[in-house]
Amino acid sequence: MIEEKFDAIVVGAGMSGNAAALTMAKRGMKVLQLERGEYAGSKNVQGAILYADMLEKLIPDFRDDAPLERHLVEQRFWMMDDRSHFGVHYRSEDFNEERPNRYTIIRAQFDKWFSSKVREAGATVLCETTVTELARDAHGKVIGVRTDRRDGEIHADVVVLAEGVNGLLGTHARLRERPKPDKVALAVKEMHFLPRETIEAHFNLKGDEGVVVEAAGTISRGMTGMGFIYANKECISIGIGCIVADFQRTGETPYGLLDRFKRHPSVAPLIEGSEVKEYSAHLIPEGGYKAIPQLYGDGWVVVGDAAQLNNAIHREGSNLAMTSGRIAAEAIVQVKSRRQPMTAANLSVYKKMLDDSFVIKDLKKHRDMPMLMHTNSQNFFLTYPQLVSRAMQNYVRVDGTPKAEKEKVTLRSFVNARSWTGLFGDAFRLARAWR
Amino acid sequence: MNVETSVRVEDKLFYNRYLVDVGRPHIKVRAHTKPSPQLLALLKVCPARCYELNDKGQVEVTVDGCIECGTCRVIGEPTGDIEWSYPRGGYGVLFKFG
Ligand SMILES: Cc1cc2nc3c(=O)[nH]c(=O)nc-3n(C[C@H](O)[C@H](O)[C@H](O)COP(=O)(O)OP(=O)(O)OC[C@H]3O[C@@H](n4cnc5c(N)ncnc54)[C@H](O)[C@@H]3O)c2cc1C
Ligand code: SF4
């Protein structure tokens, strides 16, 4: 049994847990952080894009020594059918700035570095330790945790649950529901290694410039989902994710989808000749604003993916995780500095501060999107990409057909597939959900 | 031949590092005679293909290649078909890149 009592215990050393532990340790609190992996990051999977602003708020000079891959100068969105893609590319020299806004990272390596900063700030970090249960007093207040080490209960004034999307502790303790199959996506991913120069040639890059490709369309076979390709220094992250309930309904296999995506004629040349070094999978919270659970209680707060704080529409998660971790920690520091107990009433300041941040504001803005995408997945992920692709081909192929005739064919194909009411309905619903 | 059967998941798992906690599987399938639709779905949806049918037509799990994604938990735990916990600290999959 660890006799000492801590000011706070943080469960998990991912993005949110590290942000919380770092913030509290820097403010002089006595913090214990527990992580089940061999090292911070050994259990974590991400694309991954790092958003500089949110990390800067925690570690202003992170660029000096963080393991960053490439700063992003280009973003590609592809709408795909089985043989083609229609793309929007945005590239700007402005992103070659002194303090770039977005980087690609490799999560296992990044988390290890982030964790070293947490230790430097004075927190005690124990890896290879799975927290098995929350400890409560007779009134139900959370007073610590139990782990799979033989050291009984460890006590603290407050427990920060930063356990990620599949958080067992919070659900077992009935603080929140288990994620439902229609509220989480399963993503599978591979790491493809290639020489630096080859990657730069394949993606039209120089130096440390980077690019990301987000792809949707027939690659998800009518399920709600997206593919992604991120260029790192010497490897390419490639993956695809779809809502779990859709996998269940269709019987598609995740590796089958990934394989098809890799073999797509627009994708295959990018990874040609590569050596695969890892295959991973992870869930992503997709329920949005409406799926956010109770965020605090007597002796506990929940942050990051465990609280469903993930913006699936914008592919942002780690920045919401870091921000919620930091804000929860600041709230705890406030309560402590007033010498108040860590009760639900006092910890409710966390929710107030979070409501005022971009985290909740963004999720609220898109609160109807998850449902819309899910109930219309066939249209958005199968019908429209095919229609757009056919329209584009019709448009660019020169074959002596008068242009007016071509446009008529395109319009007819849309109306036949979705009807005027369907088209207007989809456009209206999309606009309203986006608003 | 359809694409799915041509992908050998076993080969993919070979790239990964694991520390298997021998004799302490972190996932268990409830004894059954006829598998539920949820259990049958796991045969396909598990990204590491940990679930298989035995010759009696029952679903079995072998967790050695598990990547701890939690998908089977989300599907199979509510119905009581499976019991899911994390491997002991330090054991299980160890991502180098993640
Ligand atoms: C394929 C994929 C691509 C993504 N791409 C992006 C992207 O490009 N940009 C972006 O911003 N976000 C992205 N995300 C989302 C992002 O990864 C998450 O939002 C973020 O990691 C959440 O951080 P977290 O700290 O809440 O959880 P996690 O990072 O998952 O950390 C949870 C930690 O808790 C530990 N843990 C859990 N239970 C216990 C326990 N009982 N005892 C001890 N330790 C425990 C775990 O081992 C883990 O280290 C992506 C996600 C996926 C899956
Ligand atoms: S956790 Fe994921 S990889 Fe492991 S058995 Fe379940 S579905 Fe398969």
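Residues numbered from 1 in each chain as written. Chains lettered and ligands numbered in written order. Predicted model: local features only at pLDDT ≥ 70, side-chain atom pairs only at ≥ 80, totals over all residues. Heavy atoms only, no water.

- You'll find chain B entered in an unreviewed UniProt entry as Ferredoxin-like protein, with Bradyrhizobium valentinum given as the organism.
- Recorded in UniProt for chain B, the comment headed Function (unreviewed entry) runs: "Could be a 3Fe-4S cluster-containing protein."
- In its Sequence similarities (unreviewed entry) section, UniProt records this for chain B: "To ferredoxins from P.putida and C.tartarivorum, ferredoxin I from A.vinelandii, ferredoxin II from D.desulfuricans." (UniProt positions renumbered as here; feature names shortened; annotations may be inferred.)

- Per an unreviewed UniProt entry, the recorded name for chain A is Protein FixC, and the organism is Bradyrhizobium icense.
- In UniProt, chain A has this text filed under Cofactor (unreviewed entry): "FAD".
- You can read under Sequence similarities (unreviewed entry) in the UniProt record for chain A the words "Belongs to the ETF-QO/FixC family."

## What about the overall build of chain A?
- Within chain A, the regular secondary structure consists of 14 helices and 17 strands.
- For chain A, whose C-alpha radius of gyration is 23 Å, the value lies close to the compact-globule estimate of 22 Å for 435 residues.
- The principal-axis extent of the C-alpha atoms belonging to chain A is close to 85 × 50 × 40 Å.
- By the burial criterion, 59% of the 435 residues in chain A qualify as buried.
- Contacts spanning at least 24 positions in sequence make up 71% of the contacts within chain A whose residues lie at least 6 apart.
- Carbon and sulfur atoms form 51% of the exposed surface of chain A, whose accessible area is close to 18000 Å².
- Computed over 60 positive and 56 negative side-chain charges, the inter-centroid distance for chain A is 5 Å. (Helix = DSSP H or I, 4+ residues; strand = E, 2+ residues; numbered from the N terminus. Rg over C-alpha atoms; globule rule 2.2 N^0.38 Å. Buried < 20%, exposed > 50% of the residue type's maximum accessible area, 1.4 Å probe, protein only. Contact = heavy atoms within 4.5 Å. Areas by Shrake-Rupley, 256 points an atom, 1.4 Å probe, with all protein chains shown as cover. Lys, Arg positive; Asp, Glu negative; His and termini not counted. Charge placed at Lys NZ, Arg CZ, Asp CG, Glu CD.)

## Describing the site of ligand 1
Residue and element names in this part refer to chain A.
- The immediate surroundings of ligand 1 are formed by 40 residues, with S16, E35, R107, D305 and S318 found nearest.
- In this structure, an oxygen atom belonging to ligand 1 sits 3.1 Å away from a main-chain N or O atom of M15.
- Within the contact set of ligand 1, a nitrogen atom lies 2.9 Å away from a backbone nitrogen or oxygen of V131.
- In isolation ligand 1 has 1000 Å² of accessible area, and contact with the protein removes 96% of it.
- Mapped by element, the contributors of at least two residues to the shell around ligand 1 are α1 (15–26), β3 (49–51), β13 (225–231), β15 (275–285) and α9 (318–337).
- A breakdown of the residues in the shell around ligand 1 according to their chemical character gives 17 nonpolar, 15 polar and 8 charged.
- No fewer than three residues from each of domain 1 (6–69 + 102–176 + 290–365) and domain 2 (182–285) sit in the shell around ligand 1. (Near = heavy atom within 4 Å. Polar contact = N/O pair within 3.5 Å; in protein donor to acceptor, adjacent residues only side chain to side chain. Nonpolar A, V, L, I, M, F, W, Y, C, P; charged D, E, K, R; others polar. Domains from an automatic or database assignment.)

## Focus: the site of ligand 2
- By nearness alone, 14 residues border ligand 2, and C46(B), C66(B), C69(B), G70(B) and C72(B) come closest of all.
- Each residue belonging to the shell around ligand 2 can be placed in one class, and the counts come to 11 nonpolar, 2 polar and 1 charged.

## Notes on the interface of chain A and chain B
- Taken together, the contacts link 57 residues of chain A with 43 residues of chain B.
- Interface area, chain A with chain B, both sides summed: about 4100 Å², of which 55% is carbon and sulfur.
- Put simply, chain A and chain B have 5 salt bridges between them.
- Between E68(B) and K43(A) there is a salt bridge, with the nearest N and O atoms lying 3.1 Å from each other.
- On inspection of chain A and its partner chain B, the count reaches 25 residue pairs in polar contact (both at pLDDT 80 or more).
- Mapped onto the side of chain A that touches chain B, the elements with two or more residues apiece are α3 (107–120), α4 (168–172), β11 (184–193), α6 (244–250), α7 (254–263) and β15 of chain A.
- It is α7(A) that provides the largest number of residues to the side of chain A that touches chain B, a total of 9 residues.
- Of the residues in the side of chain A that touches chain B, the class split is 22 nonpolar, 17 polar and 18 charged. (Buried area = accessible area lost by both parts, 1.4 Å probe. Salt bridge = Lys/Arg side-chain N within 4 Å of Asp/Glu carboxyl O.)

## Re the side chain of D21(B)
Residue and element names in this part refer to chain B.
- Structurally, the position occupied by D21 is in the loop between β1 (17–19) and β2 (27–29).
- You can call D21 buried: its relative accessible area is 12%.
- At 2.8 Å, the side chain of D21 forms a polar contact with the side chain of R88.
- Once residues within four sequence positions are removed from consideration, D21 is found in contact with R88 and Y91.

## What to know about the pairing of β11(A)
Residues and elements named next belong to chain A.
- In terms of residue burial, β11 counts as a mostly covered element, since 10 of its 10 residues are buried.
- The alternating pattern of β11 places V184, L186, V188, E190 and H192 and A185, A187, K189, M191 and F193 on opposite faces, both of which are buried.
- With 10 bridges connecting them, β11 and β15 associate as antiparallel partners. In the sheet register, F193 faces β15, and the bridge partner there is E275.
- Where β11 lies against strand β14 (residues 235–243), 9 bridges are found, and the strand directions are antiparallel. (Pairing = 2+ DSSP bridges.)

## Digging into the packing of aromatic side chains
All names here are of chain A.
- Under the defined criterion, the tally for this structure stands at 9 aromatic pairs over all chains.
- Judged by centre distance (6.1 Å) and plane angle (85°), the ring pair of Y90 and F95 falls under edge-to-face.
- Between W113 and F114, the aromatic rings sit 6.2 Å apart at their centres with planes inclined by 35°, giving tilted as the arrangement.
- Here a set of aromatic residues connected by ring pairs shows up, and it is made of F110, W113 and F114.
- Here the basic side chain of K112 rests over the ring of Y39, its NZ or CZ set 4.3 Å away from the ring centre.
- Directly above the ring of F193 sits K277, whose terminal nitrogen or CZ lies 4.6 Å from the centroid. (Phe/Tyr/Trp six-rings, centres within 6.5 Å; stacked < 30°, edge-to-face > 60°. Lys NZ or Arg CZ within 6 Å of the ring centre and 35° of its normal.)

## A look at helix α13 (residues 377–396) of chain A
All names here are of chain A.
- Here α13 spans 28 Å end to end across 20 residues, near enough to the 28 Å set by a 1.5 Å rise per residue.
- Its maximal kink placed at T383, α13 deviates by approximately 35°, while the proline P385 follows within four residues.
- Among all positions in α13, only S377, N379, F380, F381, T383, Y384, P385, L387, V388, S389, A391 and N394 are buried. (Expected span 1.5 Å × (residues − 1). Bend = angle between axes of the 7 residues up to and from the residue.)

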